[in-house]
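# Structural description and commentary
Listed here are the chains, written in short residue letters.
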Amino acid sequence: MTRTRFAPSPTGFMHIGNLRTALYEYLIAKSQNGKFILRIEDTDQNRLVLEAEKIIFDTLKITGLKYDEGPDIGGNFGPYVQSERKEIYKKYALELIKNNHAYYCFCDKEEFNAEDRFSEKNKCNCKNLSADEIKKNLEAGKNFVIRQNIPDGETSFFDQVYGEITVKNSELDDQVLIKSDGLPTYNFANVIDDHLMEITHVVRGCEYLSSTPKYNLLYKAFGWQIPEYIHLPLILDEHGEKLSKRKGAASFEDLMKMGFLPEAIINYIALLGWSPDNNQEIFSLAELEKKFNVRGLSKSPAIFDLAKLKWMNGEYIKKMDKDKFYNLALDYFKKNIKKSDLDYKFMAEAAQTRVEFIEDAWKLFDFVDELRDYDLDLFLNKKMKVTHEISYDVLNCVLDKLKDIELKNWYGENLKNVLMDLAKEKNLKTGQIFWPLLIALSGKKNTPCGATEIAEMLGKDESLKRINFAIEKLK
RNA sequence: GGCUCGUUGGUCAAGUGGUUAAGACACGGCCCUUUCACGGCUGUAACAGGGGUUCAAAUCCCCUACGAGUCACCA
């Protein structure tokens, strides 16, 4: 059975790249009826961030990436937190030492750090220590790490995205397996855990591509079966650099704060580095589970494009249940617009197809409370052949007609009829009536609905006031 | 610097030896429309460069350029 795992370290926010890795891991498992496991890699005690685990749980919950096993829900392969597995790693490390695939190293940490990174390999003689010397050091309580003993030769592996990759073993370090604090490094722990947890497909960012040969050597040393490897290309920011916190939207939390819907985020990042067999763009998670295949994964890095995510967010807003959108938009209407006798239902409906963020819905109606001064040239409209003169004349006629309408008849449909009649009477195009009126009432070119609907929204007094103001302005 | 990987329009991308080199976002135009939007139609715009192999190359090979990853007691 296919088993994949998401193995984040709890060091802070949920990076978009990590979330996408989790998504693909989830999809690979689910598309094959397999299991998706969450494992917390907290072996670096210095980088732990409080709350970070909660962010991981919450994000997976919000996005719907439901895991089958994990620290908070258990499973048959636990514990699912690496710091609780310390003894397990130790045991396997000792086994490697016994078989000469690893060795004790008593060197001081500082010695190595001081060395030039690009110069010759760290030369540590600990590999050649005699059994006696090792015993003496251990008994003396000397600090040690356990290092992997990389053999000569070369190592190849097959990656489902990048294909066959071969590296000379001389390029590989005798990496540390167990740190001096007794905890394993990622490099060791991931191999042990992936094996013990029976992970079949190791999915991770391609920054691990170059250390994969070392992991393979470990699998080989234990005589374990090597899992399928699926390395993922990077996600970059708009400058072609690594996504970073400083430049804005690097994390899921950031995007949520900006008003993006979780479904839209998931849909968008699914397409960053993967493409389906057809041209479909909008996918629910359930659809992705059905259609995802490793074949569609790309090798080259992708740039995170906020503009396209915005478009997608708009698509999800349009698809959203009307009542749901209404309820969400209502808060913003009430909070930001003072006028209260408004048809919020109507407003929500008008906004739903025009907005990329729910919190922007009210902005379409920002002219309701107050008419901001506007440029006279807004009246000009080539297509409808509207000029300043026509606007002036039309608004005078409109004012004439409207001022006699009784309050009980002041509603959109009726106003529209009255003005249509006016157009006929004056032999004008309908646009030549409605355009100047729209500008006069709203002071803007882009409005969420038509002129008569706005007139209804504003009420008779306010509408006439604004028409008068426009006439004065045009004089 | 060594090693490894990558490079199709501004962006995401399809493409696996013969295509008018898809589609989406963004941008422009047109239609619909009392505005805007939605929707529909449409336009601009790409195989990093150079060598091979082949009747034929975006596709296979080599070189160059550029970019990235890695070379931690971080993951």
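So, here is what we can say about the structure in this document. Source: prediction; values computed, not measured. (Residues numbered from 1 in each chain as written. Chains lettered and ligands numbered in written order. Predicted model: local features only at pLDDT ≥ 70, side-chain atom pairs only at ≥ 80, totals over all residues. Heavy atoms only, no water.)

### Regarding helix H18 (residues 460-474)
A turn of α-helix holds 3.6 residues, and therefore any two residues three or four places apart point the same way. Put simply, the test is: Per the convention used, a helix needs a DSSP run of H or I reaching at least four residues, while a strand needs a run of E reaching at least two, with both numbered from the N terminus. A helix is expected to span 1.5 Å multiplied by its residue count minus one. For this analysis, residues touch if any pair of their heavy atoms sits within 4.5 Å.
Taking 1.5 Å of rise per residue, 15 residues should cover 21 Å, and H18 covers 21 Å from first to last C-alpha, within 8% of that figure. Buried residues along H18 sit in contact with helix H14 (388-403), helix H16 (430-442) and helix H17 (451-458).

### Some points on the side chain of arginine 39
Filter applied, for reference: When accessible area is computed with a 1.4 Å probe and restricted to protein chains, residues below 20% of their type maximum are described as buried, those above 50% as exposed, and intermediate ones as partly exposed. Pairs of N or O atoms are called polar contacts if they sit within 3.5 Å, as long as, within protein, a hydrogen donor faces a hydrogen acceptor (for residues adjacent in sequence, only side-chain-to-side-chain pairs).
Along the chain, arginine 39 turns up in the loop between strand E2 (35-38) and helix H2 (52-63). For arginine 39, a relative accessible area of 0% translates into the label buried. A polar side-chain atom of arginine 39 sits 2.9 Å from a polar atom in the side chain of aspartate 194. Contacts of arginine 39, omitting those with residues within four sequence positions, involve Arg5, Phe6, Ala7, Pro8, Tyr80, Gln82, Asn190, Asp193, Asp194 and Met197.

### Focus on the protein's contact with RNA strand B
Worth spelling out the cut-off: Put simply, a residue is near a molecule or strand once any heavy atom of it comes within 4 Å of that molecule or strand. All amino acids are sorted into three groups, where Ala, Val, Leu, Ile, Met, Phe, Trp, Tyr, Cys and Pro are nonpolar, Asp, Glu, Lys and Arg are charged, and the leftover types, Gly among them, are polar.
Inspection of the region around RNA strand B gives 62 residues, with Lys179, Gly273, Arg354, Lys445 and Thr447 positioned closest. Looking at RNA strand B alone, sugar and phosphate atoms form 67% of those within 4 Å of the protein. Contacts to RNA strand B include glutamate 41, whose side-chain N or O atom sits 3.0 Å from a sugar or linking oxygen. Among the residues forming the surface near RNA strand B, the class breakdown is 24 nonpolar, 17 polar and 21 charged.

### Section: unusual backbone geometry
Of note, the phi angle at glutamate 198 is positive, near 55°, even though the residue is not glycine. You can see glutamate 198 is positioned in the loop between helix H6 (186-196) and strand E8 (201-205). For glutamate 198, a relative accessible area of 47% puts it in the partly exposed group. Although it is not a glycine, asparagine 427 sits at a positive phi angle of roughly 60°. Take asparagine 427: it is sitting in the loop between helix H15 (412-426) and H16. Take asparagine 427: its relative accessible area is 70%, and that puts it in the exposed class.

### Remarks on the packing of H6 against helix H7 (residues 212-222)
Spelled out, the test is: Throughout, an axis means a line fitted to C-alpha atoms (over the contacting stretch in the case of helices), and angles, computed between N-to-C directions, take values from 0 to 180 degrees. Relative orientations are named as follows: roughly parallel for angles under 35 degrees, roughly antiparallel for angles over 145 degrees, roughly perpendicular for angles from 65 to 115 degrees, and oblique for any other angle. Take the far helix as your reference; a near helix turned counterclockwise from it by less than a right angle gives a left-handed crossing, and one turned clockwise gives a right-handed crossing.
Closest axis-to-axis distance for the H6/H7 pair is 10 Å, and the angle between their directions is 50°. Considering the angle they form, H6 stands oblique to H7. Here the hand of the crossing between H6 and H7 comes out right-handed. Side by side, H6 and H7 meet where Tyr186, Asn187, Phe188, Asn190, Val191, Ile192, Asp194 and His195 of the first sit next to Tyr215, Leu218, Tyr219 and Phe222 of the second. The class makeup of the residues in the contact of H6 with H7 is 8 nonpolar, 3 polar and 1 charged.

### Regarding the pattern of salt bridges
Quick reminder of the rule: By definition here, a salt bridge exists when the distance from a side-chain nitrogen of Lys or Arg to a carboxyl oxygen of Asp or Glu is within 4 Å.
Taken as a whole and judged by the stated rule, the model has 23 salt bridges. With its nearest N and O atoms 2.8 Å apart, the salt bridge here joins glutamate 69 to arginine 3. Separated by 66 residues along the polypeptide, glutamate 69 in the loop between H2 and helix H3 (86-98) and arginine 3 in strand E1 (residues 3-6) bring together distant segments of the chain. Judged by relative accessible area, which is 7%, glutamate 69 ranks as buried. The exposure class assigned to arginine 3 is buried, which follows from its relative accessible area of 6%. Residue aspartate 277 is joined to arginine 295 by a salt bridge in which the shortest nitrogen-to-oxygen separation is 3.4 Å. Note that aspartate 277 is positioned in the loop between helix H9 (262-270) and helix H10 (285-291) and arginine 295 in the loop between H10 and strand E11 (302-303), a separation of 18 residues in sequence. As far as the burial class goes, aspartate 277 and arginine 295 line up, both exposed. Where salt bridges share partners, they join Arg5, Arg39, Glu41, Arg85, Asp193 and Asp194 into one cluster.

### Topic: the sheet that holds strand E3 (residues 102-105)
Inclusion rule: At least two DSSP bridges between two strands are required for those strands to pair.
The sheet built from 3 strands is open, its strands ordered E3-E4-E7 with antiparallel pairing. Strand pairing shows two members of the sheet lacking a second neighbour, E3 and strand E7 (176-178), which therefore form its edges. Within this sheet the neighbouring strands show an average axis-to-axis angle of 40°, counted without direction. Bridge count for E3 against strand E4 (residues 145-148) is 4 bridges, and the pairing is antiparallel. Counted as the bridge partner of alanine 102 is glutamine 148 from E4. The sheet contacts of H3 involve E3, E4 and E7, and relative to E3 the element is tilted by about 105°.

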